[in-house]
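# Geometric and topological summary
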Amino acid sequence: MSIKSIAAKLFARSISRKTAQWVNHPLETQDAVFKELIKTARNTLFGKEHFFEEIHTHEDFVKKVPIRDYEELKGYVAKVVAGQSDILWPGKPVYFAKTSGTTSGAKYIPITKSSIKHQVEASRNAILSYIDETGNADFVDGKMIFLQGSPELQEKNGIKLGRLSGISAHYVPSYLQKNRLPSWETNCIEDWETKVDAIVEETMHENMTVIAGIPSWVQMYFEKLSTKSNKKIGDIFKNFQLFIYGGVNYEPYRDKFENLIGRKVASIELFPASEGFFAYQNSQTEKGMLLLLNSGIFYEFVKADTFFDDERERLTIKDVEIGVNYVMIISTNAGLWAYNLGDTVQFISLKPYKIVVSGRIKHFISAFGEHVIAKEVEEAMQKAVAATDARINEFTVAPQITPKDDGLPYHEWFVEFEKKPSDMVRFIKILDTSLQAQNSYYFDLIDGKILQTLKIRPIKKGGFQDYMKSIGKLGGQNKLQRLSNDRSVADALGVFVTEL
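The following paragraphs examine the structure supplied in this document. Because the structure is a prediction, the values reported are computed rather than measured.

In this section: the overall build of the protein. Within the protein, the secondary structure is distributed over 18 helices and 18 strands. In terms of overall size, the protein behaves like a compact globule, its C-alpha atoms giving a radius of gyration of 23 Å where 500 residues would be expected to give roughly 23 Å. Expressed as lengths along the three principal axes of its C-alpha atoms, the size of the protein is roughly 65 × 60 × 45 Å. The buried share of the protein, taken over its 500 residues, is 54%. Here the analysis covers contacts within the protein between residues at least 6 apart in sequence; of these, 68% occur between residues at least 24 apart. Working note: accessible area of the protein is about 22200 Å², and carbon and sulfur atoms make up 49% of it.

In structure tokens:
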């Protein structure tokens, strides 16, 4: 065992003890975060306009600070972007994480000195939690790769801006710098396909032990490695031990990954975003991710099925329940206040508070009143793959309201198979019955002959990557939309459909 791995184990034990302190006092921890946020931002423009001086309780906060999404907070952000100080948070942010908005073009998410510190610590602590639980620290002596956006930053009115993953690249600890790949030059390549090709060249003869990134883009990297070497990933990287991912549910990809790798590899799920780092998987034996209550973020939750009602209730962690679909609302030490992130979560444990990401509040299918969410279709796909010989690369789902044959409407699943099931009828039946078992509204619609059984439209090999490229979202932090309540994605995928 190397000195570095011994030091990693000792550090991991220390961090786990510190984590336990706030995990064991969740309500007090969140109350302290809330009070510190309000106190710190009291004299900002936002604080003055929302009477932070008069806010002492969560009830006060609810009365004075409405829930907003980026569009509704955009006026304040514009002042920050223009170079003004003390708008949402004291002083100016140190960065803007630039992301692509669906309705407003570019979005500029402020990142402060405090918030980036918590982002970096959360990434580190996720790995240290794994080390402390498993006792495995050998991987720290090997090479690590993080598939991410370019670390090159621009500047706007004295504030640096770039993709979050690119910003994070500037905070890799010095003790990991020699272990980290790809090279700075390769990481700065903007074109994703060119970049992945360069990463393949740089890494295929290295001792890779940790690989991290969004599953769909890591899959692309693995496929290129396998094609070039004609080997399984586990044979190329014999000491590959840990896969770290976030952004999407890994389970629909797991079977394909294990086939590409040739064996099982431990994994850690993260829940980061430009707006903050919210949770990470802290156990290899339990499901879900630990909600980070001590990271400068105050959380509120609104039941998803009441979110668009006039009288929606805003809950704190003390009032949440297991298994309920909530929209997560955040207030942060980067100056986002009662901010609708757009993600929905479900609690699977309250001691400690652990969550799973269930989807997006705007990404669902309810064309017929069924309100199917991402978690449900992903679980259905996971069961269908596990029960058959199928392997998939990617999929998305949309409603078909007006079938060409004038039959009953249905849910249309666009699936890129790595390997088609030998019995497609059985595969579809498992998908459909699993969805019915999870969603009683969908069951009623099928049972009542309002909907017919779902249909599958196979997408040609590489079709989803081609689609993402066609809309300018290939690679980086971009993710395929899992569900649509309209035909916008489905119709665009029409040119990539192949024979069943």
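To continue, consider the layout of surface pockets. The space that makes up the second largest pocket amounts to roughly 450 Å³. A per-class count over the lining of the second largest pocket returns eight nonpolar, eight polar and five charged.

Helix length check: helix α6 (residues 113-134) (22 residues) gives 32 Å between terminal C-alpha atoms against 32 Å at 1.5 Å per residue, within 8%. Buried positions along α6 lie against α1 (3-23), β2 (106-111), α7 (164-168), β8 (242-246), β9 (266-273) and β10 (276-280). In the segment just after α6, Gly 135 is the residue with positive phi, at about 75 degrees.

So, about the packing of aromatic side chains. In the structure shown here, the tally under the stated rule is 30 aromatic pairs. Both rings, one in Phe 347 and one in Tyr 353, keep their centres 6.0 Å apart while their planes meet at 80 degrees; by these two values the pair is edge-to-face. Tyr 353 gets classed as buried once you look at its relative accessible area, which sits at 10%. The positively charged end of Lys 455 is found above the aromatic ring belonging to Tyr 410, 5.4 Å away from the centroid. Directly above the aromatic system of Phe 395 lies the positively charged group of Arg 482, at a separation of 4.2 Å from the ring centroid.

Now for the sheet that holds strand β18 (residues 455-458). The strand order across the open sheet built from three strands is β16-β17-β18, with neighbouring strands paired in mixed fashion. Edge positions in the open sheet fall to β16 (391-400) and β18, since each of these has one partner strand only. Ignoring which end each strand starts from, the neighbouring axes of this sheet average 30 degrees apart. Along the sheet face, helix α15 (residues 424-438) touches β17 (410-419) and β18 and points at about 130 degrees away from the line of β17.

Once that is clear, we can look at the sheet that holds strand β14 (residues 339-350). The strand order across the open sheet built from eleven strands is β6-β3-β7-β8-β9-β10-β11-β15-β14-β13-β12, with neighbouring strands paired in mixed fashion. The open sheet has two edge strands, β6 (180-181) and β12 (297-303), and neither has a second partner. In this sheet, β6 lies alongside strand β3 (residues 143-146) in parallel orientation, the contact comprising two bridges. Bridge assignment links Ile 145 to a residue of β6, and that residue is Leu 181. On the sheet, α6 packs against β8, β9 and β10 and is oriented at approximately 15 degrees with respect to β10.

For Trp 337, the position within the fold is in the loop between β13 (326-332) and β14. Residue Trp 337 is classed as buried on the basis of its relative accessible area of 1%. Contacts of Trp 337, omitting those with residues within four sequence positions, involve Leu 37, Ile 38, Ala 41, Phe 46, Phe 52, Phe 61, Val 65, Pro 66, Leu 88, Trp 89, Ile 330 and Ser 331. A polar side-chain atom of Trp 337 sits 3.4 Å from the main-chain carbonyl oxygen of Gly 335.

All right, on to empty space enclosed by the protein then. For the coordinates displayed, the defined rule picks out five cavities of 30 Å³ or more. When its volume is computed, the largest cavity comes out at roughly 150 Å³. For the largest cavity, the lining is made up of 15 residues, of which Ser 216, Asn 393, Glu 394, Phe 464 and Gln 465 are closest to its centre. Looking at the lining of the largest cavity, the elements that each hand over two or more residues are α11 (215-229), β16 and α17 (463-470). Top element by residues in the lining of the largest cavity is α11. It accounts for four residues. Classifying every residue of the lining of the largest cavity by side-chain character gives five nonpolar, five polar and five charged. Looking at the second largest cavity, its volume works out to about 100 Å³. Lining the second largest cavity are 14 residues, with Ser 115, Gln 119, Glu 275, Gly 276 and Asn 333 positioned closest to its centre.

Here is what the cut-offs are and how they apply
- Residues numbered from 1 in each chain as written.
- Predicted model: local features only at pLDDT ≥ 70, side-chain atom pairs only at ≥ 80, totals over all residues.
- Heavy atoms only, no water.
- Helix = DSSP H or I, 4+ residues; strand = E, 2+ residues; numbered from the N terminus.
- Rg over C-alpha atoms; globule rule 2.2 N^0.38 Å.
- Buried < 20%, exposed > 50% of the residue type's maximum accessible area, 1.4 Å probe, protein only.
- Contact = heavy atoms within 4.5 Å.
- Areas by Shrake-Rupley, 256 points an atom, 1.4 Å probe, with all protein chains shown as cover.
- 1 Å grid on protein atoms, 1.4 Å probe; cavity = no way out; pocket = protein on both sides within 12 Å on 5 of 7 lines; lining within 4 Å.
- Points joined across faces, edges and corners; volume = space filled by probe spheres on them.
- Nonpolar A, V, L, I, M, F, W, Y, C, P; charged D, E, K, R; others polar.
- Expected span 1.5 Å × (residues − 1).
- Phe/Tyr/Trp six-rings, centres within 6.5 Å; stacked < 30°, edge-to-face > 60°.
- Lys NZ or Arg CZ within 6 Å of the ring centre and 35° of its normal.
- Pairing = 2+ DSSP bridges.
- Axes fitted to C-alpha atoms, helices over the stretch in contact; angles between N-to-C directions.
- Polar contact = N/O pair within 3.5 Å; in protein donor to acceptor, adjacent residues only side chain to side chain.

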